[in-house]
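If you want the building blocks of each chain, they are given just below.
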Amino acid sequence: MDRHTTSVVGKLLGEAAGICVLAGVIIGIMGYLNKWDSSLEYSNAFFIAGSLTIIAGASSRVAAGADWGTYQRFHAESLSGQSIGEQIGSIVTASSPWRLVILGFLSGLTLILFSVVVSQVF
């Protein structure tokens, strides 16, 4: 793979890991506050979080195809100080529906796999 592809894949995997860590912290706080005492409750929470993440990623693709006017709604101030190439990159990154689908699928699958690990190990 070339350097750009490796960079994009690494960034996407890093974002997916960040989402999983954030979901884990939220689930941990919820479990602590609700005094969950079994691994089944945590496993179910990770499974639900993974399922919702996959659904959110898939629905982002549907929503992106519904309205093409999104591309004209970027505020010019957020793009000031950038070259034309950087502006195009910012718009594509923010508007790319497939990126969010892949991110949602990776994060959701990881959370679901983690729910299986939690139910089997703990």
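Residues numbered from 1 in each chain as written. Predicted model: local features only at pLDDT ≥ 70, side-chain atom pairs only at ≥ 80, totals over all residues. Heavy atoms only, no water.

Draft legend 1. Looking closely at the overall build of the protein. When its secondary structure is counted, the protein shows four helices and zero strands. For the protein, the succession of helices and strands along the chain, N to C, is α-α-α-α. Looking at the protein residue by residue over its 122 residues, the buried ones come to 21%. Of all intrachain contacts in the protein linking residues separated by at least 6 positions in sequence, the fraction that spans at least 24 positions is 72%. A total accessible area of about 8,400 Å² is found for the protein, and carbon and sulfur atoms account for 70% of it. (Helix = DSSP H or I, 4+ residues; strand = E, 2+ residues; numbered from the N terminus. Buried < 20%, exposed > 50% of the residue type's maximum accessible area, 1.4 Å probe, protein only. Contact = heavy atoms within 4.5 Å. Areas by Shrake-Rupley, 256 points an atom, 1.4 Å probe, with all protein chains shown as cover.)

Draft legend 2. Here's a closer look at the side chain of Ser60. Tracing the chain through its elements places Ser60 in helix H2 (residues 39-66). A relative accessible area of 16% means that Ser60 is categorised as buried. In this structure the side chain of Ser60 is engaged in a polar contact, spanning 2.5 Å, whose partner is the backbone oxygen of Gly57. (Polar contact = N/O pair within 3.5 Å; in protein donor to acceptor, adjacent residues only side chain to side chain.)

Draft legend 3. Broad picture of unusual backbone geometry. At Lys35, a residue that is not glycine, the phi angle is positive and equals roughly 55 degrees. Within the secondary structure, Lys35 is located in the loop between helix H1 (3-34) and H2.

Draft legend 4. Highlighting the environment of Arg99. Structurally, Arg99 is set in helix H4 (residues 97-121). The exposure class of Arg99 is partly exposed, given its relative accessible area of 25%. Considering only alpha carbons, one finds Arg99 and Arg61, 38 residues apart in sequence, at a separation of 9.1 Å.

Draft legend 5. Here's a closer look at the pattern of salt bridges. Following the criterion strictly, the structure yields one salt bridge and no others. With a shortest N-O distance of 2.7 Å, Glu15 and Arg99 are connected by a salt bridge. Of this pair, Glu15 sits in helix H1 while Arg99 sits in helix H4, placing them 84 residues apart in sequence. (Salt bridge = Lys/Arg side-chain N within 4 Å of Asp/Glu carboxyl O.)

Draft legend 6. Examining the packing of aromatic side chains more closely. All chains considered together, the criterion is met by two aromatic pairs. Pairing Trp36 with Tyr42 gives two aromatic rings, centres 5.1 Å apart and planes at 80 degrees, and the pair type is edge-to-face. Ring geometry for Phe46 against Phe114: centres 4.8 Å apart, planes inclined by 80 degrees, an arrangement best described as edge-to-face. Of this pair, Phe46 sits in helix H2 while Phe114 sits in helix H4, and the two are 68 residues apart along the sequence. Overall, the relative accessible area of 40% leaves Phe114 in the partly exposed class. (Phe/Tyr/Trp six-rings, centres within 6.5 Å; stacked < 30°, edge-to-face > 60°.)

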